[in-house]
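Notes for the structure review
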Amino acid sequence: MSAATSLAPGAVAMSPRTRMLLHGRVVPTLLRLTWPNTLVMLAQASVGLIETWWVSHLGTEALAGMALVFPGFMMMQMLSGGAVGGGIAAAVARALGAGRREDADALVLHALVINGVLGLGFTALLLVFGPALYAALGGEGGSLRAALAYSDVVFGGAVLVWLSNAFASVLRGTGAMLLPSVAIVIGVVVLVPLSPLLIHGYGPVPALGIAGGGWAVVIGTGLTTAILGWAVLSGRSIARLRRGRLRRALFGDILGVGAVASVSTLQTTLTIALTTAVVARAGGPDAVAGYGTGTRLEYLLIPLVFGLGAPLVALVGTNIGAGQGARALRIALTGGVLAFLVAEAVGLSAAAWPEAWLGLFGDDPRMLETGAAYLRVVGPTYGFFGLGLALYFASQGAGKLGWPLLAGLIRLVIAVGGGWLALHLTGSLAWVFAALAAGLVVYGVLLAAVIRGGAWFR
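Quick look at the structure, then.

What counts and how
Residues numbered from 1 in each chain as written. Predicted model: local features only at pLDDT ≥ 70, side-chain atom pairs only at ≥ 80, totals over all residues. Heavy atoms only, no water. Helix = DSSP H or I, 4+ residues; strand = E, 2+ residues; numbered from the N terminus. Rg over C-alpha atoms; globule rule 2.2 N^0.38 Å. Areas by Shrake-Rupley, 256 points an atom, 1.4 Å probe, with all protein chains shown as cover. Axes fitted to C-alpha atoms, helices over the stretch in contact; angles between N-to-C directions. Left-handed = near helix turned anticlockwise from the far one by under 90°. Contact = heavy atoms within 4.5 Å. Nonpolar A, V, L, I, M, F, W, Y, C, P; charged D, E, K, R; others polar. Phe/Tyr/Trp six-rings, centres within 6.5 Å; stacked < 30°, edge-to-face > 60°. Buried < 20%, exposed > 50% of the residue type's maximum accessible area, 1.4 Å probe, protein only. Salt bridge = Lys/Arg side-chain N within 4 Å of Asp/Glu carboxyl O. Expected span 1.5 Å × (residues − 1).

1. A short note on the overall build of the chain
Along the backbone of the chain there are 15 helices and 0 strands. For the chain, whose C-alpha radius of gyration is 21 Å, the value lies close to the compact-globule estimate of 23 Å for 458 residues. Expressed as lengths along the three principal axes of its C-alpha atoms, the size of the chain is roughly 70 × 50 × 35 Å. Roughly 17300 Å² of accessible area belongs to the chain as shown, and the carbon and sulfur atoms make up 69% of that amount.

Okay, structure coming up:
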């Protein structure tokens, strides 16, 4: 039987890429879609590392200030690209899998409206409430001033981040992984020389300090947004922007996944932010700098696993839309195993040689001590974080986010509640980090168990 005749009625009109998602061999297809995302997510994650390295030359207070802002900025990235962005990609994938090409086109406009409004909202919230937020997280004196100088710039350009991820998510929902990757790499290539130039100045360019790092991020993101916008608006995407009326049902297709996924993203960020406050209470700004530098490696896992996660959204969503539930589940579990192996390798390496990572960003003894303690305890459990995160993305594709939401809540309670209690009883940060590790293990194991048990189809 030919490939065309074996497809469901109407499927012969689908693009070759959609057919690959529905009928290609699981592991080769997943790896084929994963490598450009993994490469580019590492490049994108390097933005934060490059900035941290250059900012570390400004002193411990600047490094601590960036640590205060970083959870919020990463939350925005995760919301726009992984949560709402996942809702966009999943909605487009399900529409294409079901043969609803007109709906896939209409979803592009709805995605831009949603992300544009949310981007402007982020700018307003952080400009107004930023000082109170960073002070509550332990910022004081020079570290608080540095946090505000950086935050006002990067969140002032928040709408560019949201629009960039809207365009990228539309493309990924169609199975196009390479073009978003190329656009992001171009933005990173621009940022690499721009960041030190604007932070430290050179020739006629004045030194802007930590704010210069923020401007480099905004300029690089603006370039990426322009490239991705051109790709979608010029018709080089299977799903294309068309003029039409806004429809509540299509907003629901995106936000039904994106809104729930956003709660999960908030849980992840709250875990880091609240434990940052616990560490600040126990050890002050130097300990915050060490903990923040250590957790940057944990945050690095998010874009790394997203390299697998974006294909999982498209593959699972397309197969669910076509009624191929067993294949969707097999794809999800395969992706979860791959994510576990990659994240665990990173975590074990960090636990064995923590100074190799921390030494890139400073030599303050208290910073190194706190960061090393965190990596030695939490690093060996990174694999479970990768497993849970991959299954979270797969659940976006399935449109079933109840269990990822519950698993994230349990992780939050164990990590923050357990960490606060441990500090209260022992006064030791080591037990705080043990609570963080326990939360990651429970998160990954619980999600793997319930999804393998058929929770998507009950």
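2. Brief notes about the packing of helix 6 (residues 158-173) against helix 8 (residues 210-233)
Two numbers describe how helix 6 lies on helix 8: the axes approach to 8 Å, and their chain directions differ by 35°. Helix 8 is crossed by helix 6, and the crossing has left-handed handedness. Of the residues in helix 8, those in contact with L160, V161, L163, S164, F167, A168 and L171 of helix 6 are V218, T221, G222, T224, T225, L228, G229, V232 and L233. Looking at the contact of helix 6 with helix 8 residue by residue, the classes come out as 10 nonpolar, 6 polar and no charged.

3. Looking at the packing of aromatic side chains
Counted according to the given criterion, the structure contains 8 aromatic pairs. Geometrically, the ring pair formed by F73 and F155 is edge-to-face, given 6.1 Å between the ring centres and 70° between the ring planes. Here F73 is found in helix 3 (residues 60-97), whereas its partner F155 is found in the loop between helix 5 (141-154) and helix 6, with 82 residues between them in sequence. By relative accessible area, which is 0% here, F155 ends up buried. Between Y392 and F393, the aromatic rings sit 5.2 Å apart at their centres with planes inclined by 55°, giving tilted as the arrangement. With relative accessibility at 4%, the residue Y392 sits in the buried group. Through a chain of ring-to-ring contacts, the aromatic side chains of F73, F122, F155 and W162 assemble into a single cluster.

4. Some remarks on the pattern of salt bridges
Applying the stated criterion across every chain, the model contains 5 salt bridges. Ionic pairing is found between R101 and D105, a salt bridge with its closest N-O pair at 3.8 Å. Taken together, the residues R101 and D105, both in helix 4 (residues 101-136) and 4 residues apart, mark about one turn of the helix. Close ionic contact of D103 with R247 constitutes a salt bridge, the shortest N to O distance being 3.0 Å. You can see D103 sitting in helix 4 and its partner R247 sitting in the loop between helix 8 and helix 9 (248-321), a full 144 residues away along the chain. Since its relative accessible area comes to 17%, D103 is described here as buried.

5. Considerations on helix 15 (residues 429-452)
Because each turn of an α-helix spans 3.6 residues, side chains separated by three or four positions in sequence point in the same direction. Here helix 15 contains 24 residues, and its C-alpha end-to-end distance of 35 Å stays within 8% of the 34 Å for a straight helix at 1.5 Å per residue. Within two residues after helix 15, G454 carries a phi angle of roughly 95°, on the positive side.

6. What about helix 8?
Helix length check: helix 8, at 24 residues, gives a terminal C-alpha distance of 35 Å against a target of 34 Å (1.5 Å per residue), a fit within 8%. Count one or two residues on from helix 8 and you reach G235, which has phi positive near 85°.

In short, geometric facts, not functional conclusions.
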